[in-house]
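Chains, contacts and geometry: an overview
In case you want the letters, here they are:
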There are 2 protein chains.
Amino acid sequence: MKKVTIHEIAEILNIDSSTVSRALNDSDRVNSKTKKKVLKKAEELGYRPNLLASNLRQNKSNTIGVVVPRISRSFFSSAIAGIEEMAHNADFNVVISQSLEKHKREQKIVNNLFSNRVDGILISVSMETETSSHLEILERAGVPFVFFDRHCSDMRNSNKVLIDDFAGAYEAVSHLIRNNCKRIVHFSGPQTLEIYKNRLAGYKKALESYGIPFDPKLVITSNLMQEDGKRMAGKLIKTESAIDAIFAANDLAAIGAMKYLKSIDKKIPEDIAIVGFSNEPVSEMIEPSLTTLDQLGFEIGKISCSLLLDKIQVKDNESENKTIILKPNLIIRDSSQKKGSL
Amino acid sequence: MKKVTIHEIAEILNIDSSTVSRALNDSDRVNSKTKKKVLKKAEELGYRPNLLASNLRQNKSNTIGVVVPRISRSFFSSAIAGIEEMAHNADFNVVISQSLEKHKREQKIVNNLFSNRVDGILISVSMETETSSHLEILERAGVPFVFFDRHCSDMRNSNKVLIDDFAGAYEAVSHLIRNNCKRIVHFSGPQTLEIYKNRLAGYKKALESYGIPFDPKLVITSNLMQEDGKRMAGKLIKTESAIDAIFAANDLAAIGAMKYLKSIDKKIPEDIAIVGFSNEPVSEMIEPSLTTLDQLGFEIGKISCSLLLDKIQVKDNESENKTIILKPNLIIRDSSQKKGSL
DNA sequence: TGTATTTATACAATCGTTTGTATTAAAATT
DNA sequence: AATTTTAATACAAACGATTGTATAAATACA
């Protein structure tokens, strides 16, 4: 019923607890016969080390904390898979928390991770997060952290692994243009988030490159839920009859639009071509399958974790901060390829 | 750079650390003026309690551990959402781990949670897990745990919150029959798993209730991937031309079948009605939207967490173990309702 | 005024480890 | 045989909080 400690083992074997500790940690300061006795007794009693005590003493936890907006989003669960693979290889534990896009919860989580003395933190901030003040505590105490995908732009000097949203958007829109689309709508997200700003910028740049004038009426901002996609598509069809493509800043909004357009008998991609962003699993299941940008979740997870582990291991805490940028992959499916195009 | 402790605060204010501790915990044994001084200084120095030390001393962590096969499965992420809601209300923290369906990893996770002295554990076991031996350590030390959805059937007496797969399948098939379906195919899963056995049994029972003879040729077992669904549908169309409905033991296989049937111009639900199982998000996004059984992930999460919190709070550890069984909800969508039926 | 009570704080032990230093006995070296 | 070295273990102080008990000063009561 009570939890077994090294002291009990020590008492039973009539040796000191420090010897038991060293035996369990396979130190060469203890005789191999004693080691065997200790190991046997520990096994027998079902001994499990108290990591609270151990971590407290050693001032490290061999654990990294991960903070994401939602674990259910495919990009984030893939990233977590990558993080766990890398961390477990290095014999680190991983604890996962989700902010549910709330800044308050994110703040609480960071404080809690810090209070539990994790060795480092990987974070992708919530939509509500505008400043990095809740991370100051980490800087002050020298706890290394790495942003992935979403970062705090007010923090001039930080470690981050990002997706090149600009390049992704540019490629997506270029693809649409090469498929003979001329009036291309962009569904954009909250402009507080860097990523949506960059996707919008990539959209504009692509238009410019191909000599298509930018029309602000074709950019609509929302929270990019499926319902938003439907609603926005509905509004557009009424006011802008000539549109021939939609580039949505996420898949959900793209799918919402697609459903609405199908319901009013628009053909996709013949009448209106659609491209999403994120490569959610659903994007290849719907019909027509959705062209989208894969954000390399697993890859990002691995890379950012490896960067964090580097920071943790070199205690030289003034090592240069790093920014790594990955280009998303355009996955071309059926929703964007008008026949007769190249 | 160094982490702030109560001792530093004590030294600066020239008081004892025990007073600082009591001040921070708002004890009435310390003068309100002193409290204010302490709080102000703590804030100023960016003090954050060391929970390793605090939990060690108090022999509790206010944390519950959650073990699931994969966080990316919608059912599990919903369950986690339910767990977190309930836990946070009760001021408990939640740490999430995924076994990735590996028994070895599950074992490691359980040991690690125990070593970190979580107050209780919620677990849905991996596909590979056949016995409960890796949970003995919890029983021995009196750490309460609750199974949800998937449990260890070798453990005679345990706390668990389960889905009534039999009833769900029965309801799904009854629904098809009431929609004038007579030759109903069942896509079943690995018979090693309780859940698939029960779904098959529910299917049989429904047929029996409505006086439809059971035909073993209409039951096909696979791993229920999307490809399996396609393949099985293809085979069936060739050999059993009279079929008018499919009840698949998961959504993926149902969607695979649906895609194949659409590709050969079968009308759904007019020619063939389809029902899935699990209510994956994609099931309402595809067309026609898929009738399926919702497994009440959020609900299960809340209920099992509440059960666990009860066990944690009554230290009387010989309180009766509980089994709670929830009936899944049939979500009727477009894929199963033949027109002209009731 | 002297004693009892209250209030505010200090002291010290504790949680379960780890780890530097001290101790003792045995082995190796001279 | 005397001394040094090595090996194996014991002792004790940490890590940072909590908490029971002791103490001192201030207030209340007689």
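Because the structure is a prediction, the values reported are computed rather than measured.

1. A closer look at the domain arrangement of chain A
Residue and element names in this part refer to chain A. Along its sequence, chain A is carved into domain 1 (6-49), domain 2 (62-163 + 297-327) and domain 3 (165-295 + 330-336). Across the contact, 14 residues belong to domain 2 and 14 residues belong to domain 3. Counting every contact that joins domain 2 to domain 3 gives 2 salt bridges. Residues Lys327 and Glu171 are paired through a salt bridge, measuring 3.7 Å at the closest nitrogen-oxygen approach. Counting the contacts that link domain 2 with domain 3 gives 4 residue pairs in polar contact (both at pLDDT 80 or more). Its residues assigned to classes, the side of domain 2 that touches domain 3 comprises 4 nonpolar, 5 polar and 5 charged.

2. Considering the protein's contact with DNA strand C
Taken together, 28 residues sit near DNA strand C, with His7, Ser21, Arg29 and Arg57 of chain A together with Asp16 of chain B positioned nearest. A share of 56% of the atoms of DNA strand C within 4 Å of the protein falls on sugar and phosphate groups. Measuring from a base nitrogen of DNA strand C, one finds a side-chain N or O atom of Arg22 of chain A at 3.1 Å. Ala53 of chain A places a main-chain nitrogen or oxygen 3.3 Å from a base nitrogen of DNA strand C. For the surface near DNA strand C, the secondary structure elements donating two or more residues are helix H1 (6-13), helix H2 (17-24) and helix H4 (51-58) of chain A together with helix H2 (17-24) and helix H4 (51-58) of chain B. No other element matches the 4 residues that H4 of chain A contributes to the surface near DNA strand C. Among the residues making up the surface near DNA strand C, the classes are represented as 7 nonpolar, 13 polar and 8 charged.

3. A few points about the packing of aromatic side chains
The final tally for this structure, using the stated rule, is 10 aromatic pairs over all chains. Ring centres of Phe76 of chain A and Phe148 of chain A lie 6.5 Å apart, and the angle between their planes is 75°; this geometry places the pair in the edge-to-face category. Pair noted here: Phe76 of chain A is in helix H5 (residues 74-89) and Phe148 of chain A is in strand S4 (residues 145-148), with a separation of 72 residues, a long-range link. The same class applies to Phe76 of chain A as to Phe148 of chain A, namely buried. Residues Phe145 of chain A and Phe147 of chain A carry aromatic rings whose centres are separated by 5.7 Å and whose planes lie at 90° to one another, so their mutual orientation is edge-to-face. Its relative accessible area of 6% is what places Phe145 of chain A among the buried residues. A relative accessible area of 0% means that Phe147 of chain A is categorised as buried. One aromatic cluster in this structure is built from Phe75, Phe76 and Phe148 of chain A. The lysine or arginine in question, Arg117 of chain B, covers the ring of Phe114 of chain B, its NZ or CZ lying 4.7 Å from the ring centre. Sitting over the face of the ring of Phe277 of chain B, Arg199 of chain B holds its NZ or CZ atom 3.6 Å from the ring centroid.

4. With respect to the side chain of Ser283 of chain B
Residue and element names in this part refer to chain B. Here Ser283 is to be found in the loop between strand S9 (273-275) and strand S10 (292-294). Using a relative accessible area of 0% as the deciding quantity, one classes Ser283 as buried. For Ser283, the side chain forms a polar contact with the side chain of Arg333, separated by 3.2 Å. With sequence-adjacent residues up to four places away left out, Ser283 is seen in contact with Asp251, Ser289, Leu290, Thr292 and Arg333.

5. Some points on the environment of Tyr260 of chain A
All names here are of chain A. By the secondary structure assignment, Tyr260 is in helix H11 (residues 251-263). Relative accessible area serves as the criterion here: at 21%, Tyr260 is assigned to the partly exposed category. Through-space distance from the C-alpha of Tyr260 to that of Gly234 is 7.0 Å; in sequence the pair is 26 residues apart. With residues up to four places along the chain from it excluded, the contact list for Tyr260 reads Lys230, Ala233, Gly234 and Ile237.

6. Things to note about the interface of chain A and chain B
As a measure of interface size, the accessible area lost when the parts come together is often cited. Of the residues lining the interface, 45 residues belong to chain A; the matching set on chain B comes to 45 residues. A buried area of about 4700 Å², summed over both sides, lies between chain A and chain B, and 54% of it is on carbon and sulfur atoms. On the chain A side of the interface with chain B, the three residues burying the most area are Lys3, Leu52 and Met285 of chain A, jointly 16% of the side's total. Summed over the shared surface of chain A and chain B, the number is 4 salt bridges. As a salt-bridge pair, Glu84 of chain A and Arg105 of chain B come within 3.6 Å of each other at their nearest N and O atoms. In this structure, the connection of chain A to chain B is made through 14 residue pairs in polar contact (both at pLDDT 80 or more). Those elements giving two or more residues to the side of chain A that touches chain B turn out to be helix H3 (32-45), H4, H5, strand S2 (93-98), helix H6 (103-115), helix H7 (136-141) and H11 of chain A.

7. Brief notes about the sheet that holds strand S8 (residues 245-248) of chain A
Residues and elements named next belong to chain A. With respect to topology, 4 strands assemble into an open sheet ordered S7-S6-S8-S9, the strand pairing being parallel. Across the chains shown, the open sheet's two edge strands, defined by having one partner strand only, are strand S7 (219-221) and strand S9 (273-275). Each strand axis lies, on average, 15° off the axis of its neighbour in the sheet, ignoring direction. Bridge count between strand S6 (residues 184-188) and S7: 3 bridges; the pairing is parallel. Bridging across to S7, His186 finds its partner in Val219.

8. Here's the deal with the protein's contact with DNA strand D
In the region of DNA strand D, 27 residues are neighbours, and Asp16 and Arg29 of chain A together with Ser21, Arg29 and Arg57 of chain B sit closest. Of all atoms in DNA strand D that approach within 4 Å of the protein, 53% are sugar or phosphate atoms. Within the side chain of Ser21 of chain B, one N or O atom sits 2.5 Å away from a phosphate oxygen of DNA strand D. In this structure, Tyr47 of chain B approaches DNA strand D through a side-chain N or O atom, which is 2.8 Å from a phosphate oxygen. Elements with a minimum of two residues in the surface near DNA strand D: H2 and H4 of chain A together with helix H1 (6-13), H2 and H4 of chain B. The biggest single contributor to the surface near DNA strand D is H4 of chain B, with 4 residues. For the surface near DNA strand D, a count of residues per class yields 7 nonpolar, 13 polar and 7 charged.

9. Looking at the relation of the copies chain A and chain B
Rotating chain A by 179° and moving it 0.6 Å along the rotation axis overlays it on chain B with an RMSD of 1.1 Å. Between the two chains, the operation in question is that of a two-fold axis. When the interface residues of chain A are mapped onto chain B, 100% of them again lie at the interface, so the same face is used by both copies.

10. Some thoughts on H3 of chain A
All names here are of chain A. Between its first and last C-alpha, H3 extends 20 Å over 14 residues, near the 20 Å set by a 1.5 Å rise per residue. Among the residues making up H3, those that are buried are Thr34, Lys35, Val38, Lys41 and Ala42. One face of H3 carries all of its buried residues, which in axial projection span an arc of 140°. Every exposed residue of H3 that faces more than 90 degrees away from the buried side is listed here: Lys33, Lys36, Lys40 and Glu43. Next to the buried residues of H3 lie H1 and H2. Capping of H3 at its N-terminal end is provided by Asn31; its side-chain oxygen lies 2.6 Å from the backbone amide nitrogen of Lys33. Immediately downstream of H3, the backbone of Gly46 shows phi near 70°, a positive value.

How each quantity is defined
- Residues numbered from 1 in each chain as written.
- Chains lettered and ligands numbered in written order.
- Predicted model: local features only at pLDDT ≥ 70, side-chain atom pairs only at ≥ 80, totals over all residues.
- Heavy atoms only, no water.
- Domains from an automatic or database assignment.
- Contact = heavy atoms within 4.5 Å.
- Salt bridge = Lys/Arg side-chain N within 4 Å of Asp/Glu carboxyl O.
- Polar contact = N/O pair within 3.5 Å; in protein donor to acceptor, adjacent residues only side chain to side chain.
- Nonpolar A, V, L, I, M, F, W, Y, C, P; charged D, E, K, R; others polar.
- Near = heavy atom within 4 Å.
- Helix = DSSP H or I, 4+ residues; strand = E, 2+ residues; numbered from the N terminus.
- Phe/Tyr/Trp six-rings, centres within 6.5 Å; stacked < 30°, edge-to-face > 60°.
- Buried < 20%, exposed > 50% of the residue type's maximum accessible area, 1.4 Å probe, protein only.
- Lys NZ or Arg CZ within 6 Å of the ring centre and 35° of its normal.
- Buried area = accessible area lost by both parts, 1.4 Å probe.
- Pairing = 2+ DSSP bridges.
- Axes fitted to C-alpha atoms, helices over the stretch in contact; angles between N-to-C directions.
- Least-squares fit on C-alpha atoms with pLDDT ≥ 70 in both.
- Expected span 1.5 Å × (residues − 1).
- Arc of directions from axis to C-beta.

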